[in-house]
Amino acid sequence: MKKYFKLVIAAIVALIFIGTFVFLWQKSQPKEIQYSEFSTATDSIRKTTIITGKIEPRNEVNVKPQISGIIAELMKQPGDRVEQGEVIAKVKVIPDMGQLSSAESRVRLADINLKQVETDYARTKNLHDQKLVSDEDYEKARQQLKQAQEEKAAAVDALQVVRDGVSKSNASASSTLIRSTISGIILDIPVKVGNSVINSNTFNDGTTIATVANMNDLIFRGNIDETEVGQLAIGVPMKITIGALQDLQFDAVLEYISPKATESNGANQFEIKAAVVVPSDGKIRSGYSANAEIVLAEANNVLCVPESAIEFVGDSTFVYVVKGEGKQKTYERQAVVTGLSDGVNIEIRKGLKKDQKVRGPQIISEDDKNE
């Protein structure tokens, strides 16, 4: 029994030894290196860049009051459309006590003067009717009466303006009615009824009653790096994609490139503006984040190969042309002249013909990955 047991142990050891020897022998055998292959073809190559920015109106106007006071009424809301001259809000005037007292005093003095002139006129008219004064004296008295009446009316108007912000003579052009200066959409009304507002003056920019913009005339505003700005030109078409509207793409035309760079995170950036072709459905809103795709260079119907098939050596470029088939297959190194690249394909200007096969990168098997 012991003899058979020893024979089994010896057989197992021999099998392990032979298996290890076979495994090591197989591992020591050279493996055939396989490469992917590509055929040259005619295609169009575009070099593009993506610029981030936002959509905004070309003209955005802040409407400010002409007088100081308190918001008494708001006639519009954000999102409403207004025409030029249309009333947005009404301001209640809080009169200055010094100006109010002066205006009231002026009215009283004008009233006293008018009464005296009316008395003088009545006396002169009576004497003129009796042929006791000349026509010249009568005309002077009548002129003084008209001047006194005009002074009284002006004093009353001035008092109404100081007290109420509007007079009967200019009610249609009242400064208490805040009107839109342009036609467009109200983007924002930052004040509420009861808020105090001040007019624009030398020391203050004034309170903004509303922000109005023409949403049919939009622009894309973004920044481009200095390494790419030299390839742009006014009038270049762009494709605008808005983050909130992924399914929609809009056309735009570049119309402005800043002559001066601004530094941002250590890089020089140039501001650009492009006129956006607004769709008829009016889905674009002010402030949308957007990406603009610009074609920096383009080559149509040119011979090209995948860039992974190109070997770069200094300023020279080479490819390995496939020769023969099967076991007779070889790769011949050949110099080529390249052109435009889009990061995937590259233009071949000289050195290859259409439908020629070139060697690509090495094919890595699953076994090689596991090793």
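The preceding data block contains the structure.
An account of the accompanying structure is given in this report. (Residues numbered from 1 in each chain as written. Predicted model: local features only at pLDDT ≥ 70, side-chain atom pairs only at ≥ 80, totals over all residues. Heavy atoms only, no water.)

1. Side note on the sheet that holds strand 4 (residues 69-74)
Pairing within the open sheet is antiparallel, and its four strands lie in the order 7-6-4-9. The open sheet has two edge strands, strand 7 (177-179) and strand 9 (196-197), and neither has a second partner. Pairing analysis gives four bridges linking strand 4 to strand 6 (residues 87-92), with the strands arranged antiparallel. Looking at strand 6, one finds that Leu-74 is bridged to Ala-89. (Pairing = 2+ DSSP bridges. Helix = DSSP H or I, 4+ residues; strand = E, 2+ residues; numbered from the N terminus.)

2. So, unusual backbone geometry
Of note in this structure, Asn-265 is not a glycine but carries a positive phi near 55°. Tracing the backbone through its elements, the reader meets Asn-265 in the loop between strand 14 (262-264) and strand 15 (267-276). For Asn-265, a relative accessible area of 82% translates into the label exposed. Backbone geometry places Asp-355, a non-glycine residue, at a positive phi of 70°. When you line up the elements, Asp-355 lands in the loop between strand 20 (345-350) and strand 21 (357-362). (Buried < 20%, exposed > 50% of the residue type's maximum accessible area, 1.4 Å probe, protein only.)

3. Here we look at the pattern of salt bridges
Summed over all chains, the structure comprises 19 salt bridges. When the shortest N-O distance is used, the salt bridge between Glu-255 and Arg-58 registers 2.6 Å. Residue Glu-255 is found in strand 13 (residues 245-257), and its partner Arg-58 is found in the loop between strand 2 (41-57) and strand 3 (60-63); the two are separated by 197 residues along the sequence. By relative accessible area, Glu-255 is classed as partly exposed at 33%. A salt bridge links Asp-251 to Lys-239; its shortest N-O distance comes to 2.6 Å. Pair noted here: Asp-251 is in strand 13 and Lys-239 is in strand 12 (residues 237-242), with a separation of twelve residues, a long-range link. The class of Lys-239 is partly exposed, set by a relative accessible area of 36%. One salt-bridge network, held together by shared partners, links Lys-54, Glu-56, Arg-221 and Glu-271. (Salt bridge = Lys/Arg side-chain N within 4 Å of Asp/Glu carboxyl O.)

4. Digging into the sheet that holds strand 10 (residues 210-213)
The four strands lie next to each other as 3-10-8-5, forming an open sheet whose pairing is antiparallel. Strands with a single pairing partner mark the edges of an open sheet, and in this sheet they are strand 3 and strand 5 (81-82). In the sheet, strand 3 pairs with strand 10 via four bridges, with the strands oriented antiparallel. Bridged to Asn-62 within strand 10 is Thr-211.

5. Looking at the nonpolar core
Counting residues in hydrophobic clusters, the biggest one holds 26 residues, and the most contacted among them are Ile-55, Phe-220, Met-238, Ile-240, Ile-242 and Ile-272. For this core, the secondary structure elements donating two or more residues are strand 2, strand 11 (218-225), strand 12, strand 13, strand 15 and strand 16 (289-306). With sequence-adjacent residues up to four places away left out, Ile-272 is seen in contact with Ile-51, Phe-220, Arg-221, Gly-222, Ile-224, Leu-232, Met-238, Leu-254, Tyr-256, Ile-257 and Ile-294. Counting residues in hydrophobic clusters, the runner-up holds 14 residues, among them Ile-88, Val-91, Ile-189 and Val-197. (Core = buried A, V, L, I, M, F, W, Y, C linked by side-chain atoms within 4.5 Å. Contact = heavy atoms within 4.5 Å.)

6. Here we look at the pairing of strand 11
With five bridges connecting them, strand 2 and strand 11 associate as antiparallel partners. When the bridges of strand 11 are listed, Pro-57 appears paired with Leu-218. Pairing analysis gives seven bridges linking strand 11 to strand 15, with the strands arranged antiparallel. When the sheet's bridge partners are listed, Phe-220 is paired in strand 15 with Ala-274.

7. Quick notes on the side chain of Thr-49
Take Thr-49: it is sitting in strand 2. For Thr-49, the side chain forms a polar contact with the side chain of Glu-228, separated by 2.8 Å. (Polar contact = N/O pair within 3.5 Å; in protein donor to acceptor, adjacent residues only side chain to side chain.)

8. Details of the packing of aromatic side chains
This model, assessed by the stated rule, comprises one aromatic pair. Stacked on the ring of Tyr-256, the Lys or Arg Lys-273 has its end atom at 5.1 Å from the ring centre. For the cation-ring pair, Arg-333 lies above Phe-318, with the distance from its terminal atom to the ring centre recorded as 3.9 Å. (Phe/Tyr/Trp six-rings, centres within 6.5 Å; stacked < 30°, edge-to-face > 60°. Lys NZ or Arg CZ within 6 Å of the ring centre and 35° of its normal.)

9. Quick word on the environment of Met-238
If you trace the backbone, Met-238 turns up in strand 12. The residues touching Met-238, leaving out its near neighbours within four places in the chain, are Phe-220, Phe-250, Asp-251, Ala-252, Leu-254, Ile-272, Ala-274, Ala-292, Glu-293 and Ile-294.

10. Some points on the pairing of strand 2
The pairing of strand 2 with strand 16 spans 13 bridges and is classified as antiparallel. Paired with Ala-41 across the bridge in strand 16 is Cys-304.

Any functional reading would require information beyond the geometric quantities listed.
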